[in-house]
Amino acid sequence: MQKTHMTLGEFIIDNQKHFKYSSGELSRLLNSIRLAAKIVNHDVNKAGLVDILGEAGDTNIQGEDQQKLDVYANDVFKSALINREIVCGIASEEEDDFVTIEGKENSHTNKYVLLIDPLDGSSNIDVNVSVGTIFSIYRRVTPSGTPVQSEDFLQKGNEQVAAGYIIYGTSTMLVYTTGHGVNGFTLNPALGVFYLSHPNMEFPEDGAIYSINEGNYVHFPQGVKDYIKYCQEESENRPYTSRYIGSLVSDFHRNMIKGGIYMYPTSAKAPKGKLRLLYECNPIAFLAEQAKGKATDGYKRIMDIDPTELHQRVPIFCGSTKMVAKAESFMAKYPEDKDY
Ligand code: AHM
Ligand code: MG
């Protein structure tokens, strides 16, 4: 008889016990993300048919405007959460400012805020390469019953209650943490059910893969250049393998399973780095640390950075602990590069 694995829905309920006095609000929030992920997955899978079904910006057969997939994904996640009145605010890569959600009778009583990159790496869609959704959840810090404020979103990564990603790849997976390790669930598309396929995911302590957009080499800080040369030197377990998909979730996911480091440093072209602290780097850092890996900006822990703005960019080095520590040791030789 076929073995039946635990479903994501069952896992979420089972794990509610980690939260004393839980009201089930976080479980409902995670369940809404699970639902939205399935809807977005369905559309990402059809992306190759745009030439047949119509380009973004066209009008479809029902007279509706076709949206770009990243805008569409943003709408799906937003409406899944707004309709269920599960969060009091959402910040998204697709929105200039945060969105305030009013609960029943304008009560703003929900306690969580969500920060999300609804479809990261979306330039990869046209060439049939994996993309992802990244999310981060915090408890609001302003009083319940009032509209959310920017300080509810500008919290250090340390304060995250949960974080995760969905990878729309050869199979679709939802990987998340609530601060008790990292678990991965694979979607059975025939049934529309996520099953626990990767319990207790952990980075190998050391690895042999480095992921960076090496085309920017000449623009990198000297510490990064030196570390890249180190990765390429001949020694016991080097040269390392270079693997860069250009889709953060996919690069991170592969490195977590196989052991590796992902880097998006500052460069002359991107003086603060490219990736966003609040909805890309912090959730990835929380997952990395929960999976026994490490995430820094080259000098200090990502989750200790005090955010100043919603769409703030930071450099990031994340992955297997020993590899990130080694990269940091090269960065430390150039402390003047620290003030990005
Ligand atoms: P996006 O949020 O505009 O999609 O950009 C984020 C993506 C990451 O997924 C990826 O790792 C990085 O940008 C790739 O950037 P580059 O093409 O500069 O190497
Ligand atoms: Mg992004």
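Residues numbered from 1 in each chain as written. Chains lettered and ligands numbered in written order. Predicted model: local features only at pLDDT ≥ 70, side-chain atom pairs only at ≥ 80, totals over all residues. Heavy atoms only, no water.

1. Focus on the site of ligand 1
For step 1, the next point in the chain: Among the 15 residues in the neighbourhood of ligand 1, the closest are listed as Asp-120, Tyr-244, Leu-248, Tyr-262 and Tyr-264.
For step 2, the next point in the chain: Contacts to ligand 1 include Gly-121, whose backbone N or O atom sits 2.7 Å from an oxygen atom.
For step 3, the next point in the chain: Contact between ligand 1 and Lys-274: an oxygen atom at 2.9 Å from a side-chain N or O atom of the residue.
For step 4, the next point in the chain: The fraction of the free accessible surface of ligand 1 (470 Å²) that becomes covered by protein chains is 78%. (Near = heavy atom within 4 Å. Polar contact = N/O pair within 3.5 Å; in protein donor to acceptor, adjacent residues only side chain to side chain. Areas by Shrake-Rupley, 256 points an atom, 1.4 Å probe, with all protein chains shown as cover.)

2. Some details on the coordination of the magnesium ion (ligand 2)
For step 1, the next point in the chain: For the magnesium ion (ligand 2), every protein donor is listed as Glu-93 (OE), Asp-117 (OD), Asp-120 (OD) and Glu-280 (OE), and the spread of their distances is 2.0 to 2.5 Å.
For step 2, the next point in the chain: In terms of primary sequence, the donors binding the magnesium ion (ligand 2) are separated according to E-x23-D-x2-D-x159-E. Placement of the pair is Glu-93 in the loop between strand E1 (89-92) and strand E2 (99-100) and Glu-280 in helix H8 (residues 277-290), with a sequence separation of 187 residues. (Donors = N, O, S within 2.8 Å, 3.2 Å for Na, K, Ca; no water. Helix = DSSP H or I, 4+ residues; strand = E, 2+ residues; numbered from the N terminus.)

3. Here's the deal with a nonpolar patch on the surface
For step 1, the next point in the chain: A cluster of nonpolar side chains, namely Val-127, Val-129 and Ile-245, defines an oily patch on the protein surface of about 220 Å² accessible area.
For step 2, the next point in the chain: With respect to the element layout, Ile-245 can be found in the loop between strand E10 (241-242) and helix H7 (248-258).
For step 3, the next point in the chain: Ile-245 gets classed as partly exposed once you look at its relative accessible area, which sits at 36%. (Patch = residues over 30% accessible without salt bridge, like charges linked within 9 Å, V, L, I, M, F, W, Y side chains within 5 Å. Salt bridge = Lys/Arg side-chain N within 4 Å of Asp/Glu carboxyl O. Buried < 20%, exposed > 50% of the residue type's maximum accessible area, 1.4 Å probe, protein only.)

4. Details of the nonpolar core
For step 1, the next point in the chain: Among the nonpolar cores identified, the biggest contains 41 residues, and Leu-115, Tyr-165, Val-175, Phe-252, Met-256, Ile-302 and Ile-316 are the most heavily contacted of them.
For step 2, the next point in the chain: Going through the elements one at a time, strand E3 (112-120), strand E4 (131-139), strand E5 (162-168), strand E6 (172-177), H7, strand E11 (261-264), H8 and strand E13 (316-319) are the ones with two or more residues in this core.
For step 3, the next point in the chain: Residue contributions to this core reach at least three from each of two domains, namely domain 1 (8-198) and domain 2 (209-333).
For step 4, the next point in the chain: Other than its neighbours up to four places away in sequence, Met-256 contacts Tyr-165, Val-175, Val-182, Met-201, Glu-202, Phe-203, Pro-204 and Ala-291.
For step 5, the next point in the chain: Phe-11, Leu-81, Ile-125 and Ile-166 belong to the second-largest nonpolar core, a separate cluster that totals 40 residues. (Core = buried A, V, L, I, M, F, W, Y, C linked by side-chain atoms within 4.5 Å. Domains from an automatic or database assignment. Contact = heavy atoms within 4.5 Å.)

5. Side note on unusual backbone geometry
For step 1, the next point in the chain: For the bond running from Arg-238 to Pro-239, omega is 5°, close enough to zero to count as cis.
For step 2, the next point in the chain: Tracing the sequence through the fold places Pro-239 in the loop between helix H6 (222-232) and E10.
For step 3, the next point in the chain: Unusually for a residue other than glycine, Asn-128 sits at a positive phi of about 60°.
For step 4, the next point in the chain: Mapped onto the fold, Asn-128 is located in the loop between E3 and E4.
For step 5, the next point in the chain: We classify Asn-128 as exposed; its relative accessible area is 73%.
For step 6, the next point in the chain: Positive phi values are uncommon outside glycine, yet Lys-292 reaches one of about 65°.

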